[in-house]
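Here's the letter readout for the chains.
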Amino acid sequence: MSSHGISDQVAIVSMGCTPFKEHWDKGADDLLVDAVTQTTAAVGLVPNDIDAYWLGTSQSGASGMMAAGPLKLEGKPVSRVENYCATGSEALRNAAYAVASGAYDTALAVGVEKVKDGGYQGLNAFPYPTDGTQRTLTAAAMFSLVAPAYARRYGIDEDDLRRVLATIASKNHYNGARNPLAQFRKEMDVDAICAMPAVAGRLGVFDCAGVADGSSAAMIVRAEDAHKYCDNPLYIKALSLVAGNGSGLLDPDYDYTTFPECVAAGEDAYAQAGITDPRTELAMAEVHDCFTPTELVLMEDLGFSKRGEAYTDVTDGVFDLKGDLPVNSDGGLKSFGHPVGASGLRMIYELWLQLRGEAPEDRRIATADRGLGLTHNLGGYPGEMVSFVGIFGV
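First, a word on what this report is: a plain description of the structure on this page. Everything numeric here is computed off the predicted structure, so don't read it as measured data.

Reading guide: rules and limits
Residues numbered from 1 in each chain as written. Predicted model: local features only at pLDDT ≥ 70, side-chain atom pairs only at ≥ 80, totals over all residues. Heavy atoms only, no water. Helix = DSSP H or I, 4+ residues; strand = E, 2+ residues; numbered from the N terminus. Buried < 20%, exposed > 50% of the residue type's maximum accessible area, 1.4 Å probe, protein only. Contact = heavy atoms within 4.5 Å. 1 Å grid on protein atoms, 1.4 Å probe; cavity = no way out; pocket = protein on both sides within 12 Å on 5 of 7 lines; lining within 4 Å. Points joined across faces, edges and corners; volume = space filled by probe spheres on them. Axes fitted to C-alpha atoms, helices over the stretch in contact; angles between N-to-C directions. Parallel < 35°, antiparallel > 145°, perpendicular 65-115°, else oblique. Pairing = 2+ DSSP bridges.

## Some points on the overall build of the chain
Here is step 1: The number of helices and strands found in the chain is 13 helices and 11 strands.
Here is step 2: Overall size of the chain, expressed as C-alpha extent along the three principal axes, is 60 × 45 × 40 Å.
Here is step 3: Within the span of the chain, comprising 394 residues, buried residues form 59% of the whole.
Here is step 4: Summarising the internal contacts of the chain: among those between residues at least 6 apart in sequence, 78% fall at separations of at least 24.

As structure tokens, then:
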């Protein structure tokens, strides 16, 4: 990949985030207005003071008017973007590039999703292609294939791996129980998670992230302007996005123990940020734990663990809140919830809190002095996905 990056050219100077949950009493309008006004008010502005907007939503609206209306914007450019579950990250990526190009002095990325009272509890997707190659399995079924494939490749007993996956879910519930914005705020032990009925393969319901309603937003300015708005901005070090071509579904050699799009996005982001050893250089990571096997494989795809060693790193507590490299300290998709258009920005919100020393005391990481954090967001399924990796630092 030959991306040049925009390291240290732009900065995030304010963020906002609503609770992620079943918002029976609020619509998408209410949620995005809440996240945007939190963001602008924190720096003494109102929404119409921002030069340009990027709106990320997967299935809650269809144009920039979805934000311009409720925010009462006058004569502002608002672009709606969508890229599966990486939609929120895509909104931030586009807003950051617009500021870095000099097109705008200020830009705001906002992600929002409102699905819980729409009559459809899952995630919808357009049924293409129509040439007979599209998958016919659910997302849970597709990701459930990762666990037995990983066990077979590395010679691990499937019962032992089942407890490792439950350990990942238990960790994220422990963190989410300490997050007032999280959808599920109850600790769950490994035995209880293992006892849950299976929903796909050997994945139980507590191996799966919950769909939620919610919104998150970030304001972006040029780096040299950042201290006009706040004393401790978060600088963008790297932004990388890779869209797979779906060949994994047709390749007989694809074995479901790695996500090549995530490997490529991670390598590109590390090159942009000058990172050579992510496990020791990063303070923390927020990754797309849509299902527990996803987080397991991502520890290796993103270079946090050597191939075939992520399962022992999980049981050794490497990725725990007080571990060597805390992962999903806000509870992740598993506990914080997953409003598709907002999740990518929610991940950056956790870095905003942790790296600037503003996370709640009982959820604060011990490695923040490293000063760098990673967010990873994916959309799609093993063999056919888009992947985003961003690196941010104080």
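## Some words on empty space enclosed by the protein
Here is step 1: In total, this model carries 1 cavity of 30 Å³ or more according to the counting rule given.
Here is step 2: A volume near 30 Å³ is recorded for the largest cavity.
Here is step 3: As for the largest cavity, its lining consists of Lys171, Asp313, Val314, Gly317, Val318, Phe319 and Asp320.

## With respect to the packing of helix 6 (residues 158-176) against helix 10 (residues 292-301)
Here is step 1: Following both chains from N to C, one finds helix 6 and helix 10 inclined at 95°, their axes separated by 9 Å at the closest point. On the basis of their axis angle, the class for helix 6 and helix 10 is roughly perpendicular. Of the residues in helix 10, those touching helix 6 at Leu161, Val164, Leu165, Ile168, Ala169, Lys171 and Asn172 are Thr292, Pro293, Glu295 and Leu296.

## Topic: the sheet that holds strand 2 (residues 52-56)
Here is step 1: Reading across from one edge, 3-2-4-7-1-8-11-10-9 is the order of the 9 strands in this open sheet, with mixed pairing throughout. At either end of the open sheet lies a strand with only one pairing partner, and these are strand 3 (78-81) and strand 9 (284-286). Taking each pair of neighbouring strands and ignoring which way they run, the sheet shows an average axis angle of 25°.
Here is step 2: Of the pairings in the sheet, the one linking strand 1 (residues 10-17) to strand 8 (residues 234-243) comprises 2 bridges and is antiparallel in character. Bridged to Ile12 within strand 8 is Leu234.
Here is step 3: Helix 1 (residues 28-41) rests against strand 1, strand 2, strand 4 (106-113) and strand 7 (214-222) of the sheet, and its axis sits at about 35° to strand 7.

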